[in-house]
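Spelled out, the chains give:
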Amino acid sequence: MSQFAQVMLQPWSALRMRIRKNFDAWLDRRLQPRERVTLDQRRVFIFPTRFGAWLGVLLFCLLVAAINYENSLVFALCFLLGSQFVVSMLYTFRNLSGLTLSAGRSESVFAGEDAPFEVVFSREGPRGYEALYAGFPDSPIQQFDLVDDTECRVRLYTRARRRGRMRPGRMLVETFYPVGMLRAWTWVDLGMECIVYPRPIEAGRLPASAGGDEEGEHTAGSGSDDFAGIREYRPGDSLRQIAWKSLARGQGLYTKEFEARLDRRLWIDWDYLPGMNTEARLSRLCFWVLEQHRERSEYGLRLPGVVISPDIGEAHRDRCLRALALYEDS
């Protein structure tokens, strides 16, 4: 596109953005976010499709021709098609009216993945709903029916572009039933949200200083913490470790052995990655959390203002990932 064309299109783009902003503000006033919504005439909009618009043009031409030529058959055809258009309008509206939407489960994902949100569509009474479509803007549209069952659970997806709390906003629910002459639709915000974890980035292995300094697992050796037993004396053993009581009882010369306590628990620390920006650090810390969980290590997490004690298991992993996702640089 030439520079001249871009300059000419700038006012139209600004006007389109302004109209979109005003429309969103009007929707926020008219359709406020709720966890459960039942569609009615206040929430359902209806308008002819392109096929319906061309049918309207055809009906107008038939009416003009029938009046001009005073042809009863053309009058009958015009009124027949017009009555079908009116009946189709009623059935299209009824295919959304009375439908109840409620928020289902949502799952946490990593940045860059598609976040799933479950929406429960339910009905009361014998009336069924056919050829329904639902989806978030810029995301795939799901098609489903609600005829035999009283409720239908539909998983809708939208791209999680950045870490933190993600609210997908309004979703589009529409139908063209029964013949596609008209489109009935609504924008519904169920107040759903999910947690988006940082995108993991390869960071190698944890630094050698990742071990803790608290009480941990036992390791055999010549430490000086806890008594482990005695063995036969060997030349060069310290006189302080000789079992004098055993020697006094005439049992021979033995040396005491002790067990040293080493902490096998690891710490994933913010300070291990100096010189990086916040998002780069969080992505690499996320990688270490996943790696230590995969290796079934006992690990903890240290962030500025946040300390999670070492532990293992999926609940601990999710707690660490949540802390990374919700961390805000102060």
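Burial analysis of strand 5 (residues 114-122) places 8 of its 9 residues in the buried class, which makes it a mostly covered element. Of the strand pairs in this sheet, strand 5 and strand 8 (residues 151-159) are connected by 9 bridges, and their pairing is antiparallel. Bridge pairing in strand 8 links Val119 to Val154.

The geometry of helix 5 (residues 278-294) relative to helix 6 (residues 314-325) is characterised by a closest axis approach of 10 Å and an angle of 180 degrees between their N-to-C directions. Between helix 5 and helix 6, the angle is such that the two are roughly antiparallel. Counting all contacts with helix 5, which are made through Leu282, Leu285, Cys286, Val289, Leu290 and His293, the residues of helix 6 involved are Glu314, Arg317, Cys320, Leu321 and Leu324.

Once that is clear, we can look at the state of the cysteines. Tallied over the entire structure, the rule returns 0 disulfides. The thiol of Cys61 is unpaired, and the distance to the nearest cysteine sulfur, on Cys78, comes to 9.9 Å.

A word on the side chain of Ser88. Inspection of the secondary structure puts Ser88 in helix 3 (residues 72-94). Those residues in contact with Ser88, other than ones at most four positions away along the chain, are Pro178, Val179, Met181 and Leu182.

A cluster of nonpolar side chains, Leu63, Ile67 and Phe79, forms an exposed patch at the surface whose accessible area comes to about 290 Å². For Leu63, the position within the fold is in helix 2 (residues 50-69). Leu63 sits in the partly exposed class, given a relative accessible area of 30%.

It is worth spelling out the nonpolar core at this point. Leu39, Leu96, Leu99, Leu101, Phe121, Met171 and Leu190 are the most contacted members of the largest nonpolar core, which totals 31 residues. Going through the elements one at a time, strand 5, strand 6 (129-135), strand 7 (142-146), strand 8, strand 10 (171-175), strand 11 (182-188) and strand 12 (194-197) are the ones with two or more residues in this core. In terms of residues, this core owes the most to one element, strand 5, which gives 4 residues. Aside from chain neighbours lying at most four places away, what touches Phe121 is Leu99, Thr100, Leu101, Ala134, Phe144, Leu146, Thr150, Glu151, Cys152, Val154 and Val173.

The next thing to look at is the sheet that holds strand 8. For sheets, the rule is that strands pair by backbone hydrogen bonds, running either parallel or antiparallel. Pairing is antiparallel in the open sheet, where 4 strands are placed in the order 1-3-5-8. The outermost strands of the open sheet, each flanked by one partner alone, are strand 1 (36-38) and strand 8. Taken over all neighbouring pairs, the strand axes of this sheet differ in orientation by 30 degrees on average, direction set aside.

Turning to the sheet that holds strand 16 (residues 266-269), a few remarks are in order. If you trace the 3 strands from one edge of the open sheet to the other, you get 16-17-18, paired in mixed fashion. In this open sheet, the two edge strands, each paired with only one partner strand, are strand 16 and strand 18 (306-311). Between one strand and the next, the sheet's axes are offset by a mean angle of 15 degrees, whatever the strand orientation. Pairing analysis gives 4 bridges linking strand 16 to strand 17 (residues 299-303), with the strands arranged parallel. Looking at strand 17, one finds that Trp267 is bridged to Gly300. Across the face of the sheet, helix 5 comes into contact with strand 16 and strand 17 while running at roughly 160 degrees to strand 16.

Conventions we followed
- Residues numbered from 1 in each chain as written.
- Predicted model: local features only at pLDDT ≥ 70, side-chain atom pairs only at ≥ 80, totals over all residues.
- Heavy atoms only, no water.
- Buried < 20%, exposed > 50% of the residue type's maximum accessible area, 1.4 Å probe, protein only.
- Helix = DSSP H or I, 4+ residues; strand = E, 2+ residues; numbered from the N terminus.
- Pairing = 2+ DSSP bridges.
- Axes fitted to C-alpha atoms, helices over the stretch in contact; angles between N-to-C directions.
- Parallel < 35°, antiparallel > 145°, perpendicular 65-115°, else oblique.
- Contact = heavy atoms within 4.5 Å.
- Disulfide = S-S within 2.5 Å.
- Patch = residues over 30% accessible without salt bridge, like charges linked within 9 Å, V, L, I, M, F, W, Y side chains within 5 Å.
- Areas by Shrake-Rupley, 256 points an atom, 1.4 Å probe, with all protein chains shown as cover.
- Salt bridge = Lys/Arg side-chain N within 4 Å of Asp/Glu carboxyl O.
- Core = buried A, V, L, I, M, F, W, Y, C linked by side-chain atoms within 4.5 Å.

Read these as geometric descriptors, not functional statements.
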